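Take a look at the letters that make up each chain.
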Amino acid sequence: MRKNIVAGNWKMNKNLQEGVAFAKELEKALAGKTLKCDVVIGTPFIHLASVASAIDTNKIGVSAQNCADKVSGAYTGEVSAAMVASTGAKYVILGHSERRAYYGETDATLKEKVLLALENGLKPIFCIGEVLEERESGKQNEVVKSQIENALFNLSAEQFANIVLAYEPVWAIGTGKTATPAQAQEMHAFIRETLAAKFGKEAADNTTILYGGSANASNAKELFSNPDVDGGLIGGASLDVEKFLPIIEAF
Ligand code: PEP
């Protein structure tokens, strides 16, 4: 059975003290509640160790937002998957559209990052999604399929079992323009079919596929009620506990 997950992506927001305070406040807000999803917070690198030691990471998973495509060595400014894992983080967001667009991340680099994350015991939250132009020309399935094929189809079924996917139509990220629940369901079903053709139906059925793109407390319930939408990757609405909590509770 696949897990439902609500994961926050803070991007480049919050200083260290604000990040730790948020994590403690969220832990307090969740205490004693029975949740129908796992909760993850994606923090900047420098927050990882402090956040992971401030909370119970079995209750709130901690995630990096990136890791290096190299093991170690002379790569000034980079942070390796092993370093991320050593902080107590359990996840790493990889292939976010902002990394692809602003930092030139390609399917080839992402393939290396995924392998290193897995070797170090991290669960990648692997982002895929089309830009507006591709959606308008009806190419969204083709684009998403090739992103999956190029970065993940080299994995064994055993390795693939540790991947969480996040479908994030780029035109919906930070724009306030959410995919309709029908658009999300249609793409998630297509992604699951694509996975089934490569890794088998059982593996596809066990894969958590998150939706991301202007999800918030008002639309989360409807988005999450789709059979193939297993939760959300949340940007803007993950920055305040009072906005993030109702999304977690939408399940
Ligand atoms: C994201 O950056 O992954 C995201 C989904 O952002 P937002 O929720 O702000 O659209």
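Located above this text is the structure these notes cover.
Just so it is clear, the model here is predicted, and its values are computed rather than measured.

Student: In this structure, what is going on with the pattern of salt bridges? I would like to understand it.
Tutor: Where charged atoms from two side chains of opposite charge come close, those side chains can pair. Applying the stated rule across the entire model yields 15 salt bridges. Across the salt bridge formed by Asp230 and Arg2, the nearest N and O atoms sit 2.8 Å from each other. On the criterion of sequence distance, the pair formed by Asp230 in the loop between α11 (220–224) and β8 (231–234) and Arg2 in the segment before β1 (5–9) is long-range, its members being 228 residues apart. The residue Lys201 makes a salt bridge to Asp205 at a minimum N-O spacing of 2.6 Å. Here the residue Lys201 and the residue Asp205 both occupy positions in helix α10 (residues 201–205), the gap between them amounting to four residues, near one helical turn. Relative accessible area serves as the criterion here: at 58%, Lys201 is assigned to the exposed category. Each member of the salt-bridge network shares a partner with another, and the members are Arg2, Arg192, Asp228 and Asp230.

Student: Please explain unusual backbone geometry as it appears in this structure.
Tutor: Trans peptide bonds make up the majority, and among non-glycine residues the majority have a negative phi. In this structure, Lys11 is a non-glycine residue whose phi angle is positive, near 55 degrees. By secondary structure assignment, the location of Lys11 is in the loop between β1 and α1 (16–30). Within the chain, Ser214 stands out as a residue other than glycine whose phi angle is a positive 55 degrees. Within the secondary structure, Ser214 sits in the loop between β7 (209–212) and α11. According to the relative accessible area criterion, Ser214 is buried, its value standing at 18%.

Conventions we followed
- Residues numbered from 1 in each chain as written.
- Predicted model: local features only at pLDDT ≥ 70, side-chain atom pairs only at ≥ 80, totals over all residues.
- Heavy atoms only, no water.
- Salt bridge = Lys/Arg side-chain N within 4 Å of Asp/Glu carboxyl O.
- Helix = DSSP H or I, 4+ residues; strand = E, 2+ residues; numbered from the N terminus.
- Buried < 20%, exposed > 50% of the residue type's maximum accessible area, 1.4 Å probe, protein only.

None of the figures reported here should be taken as evidence of function without further support.
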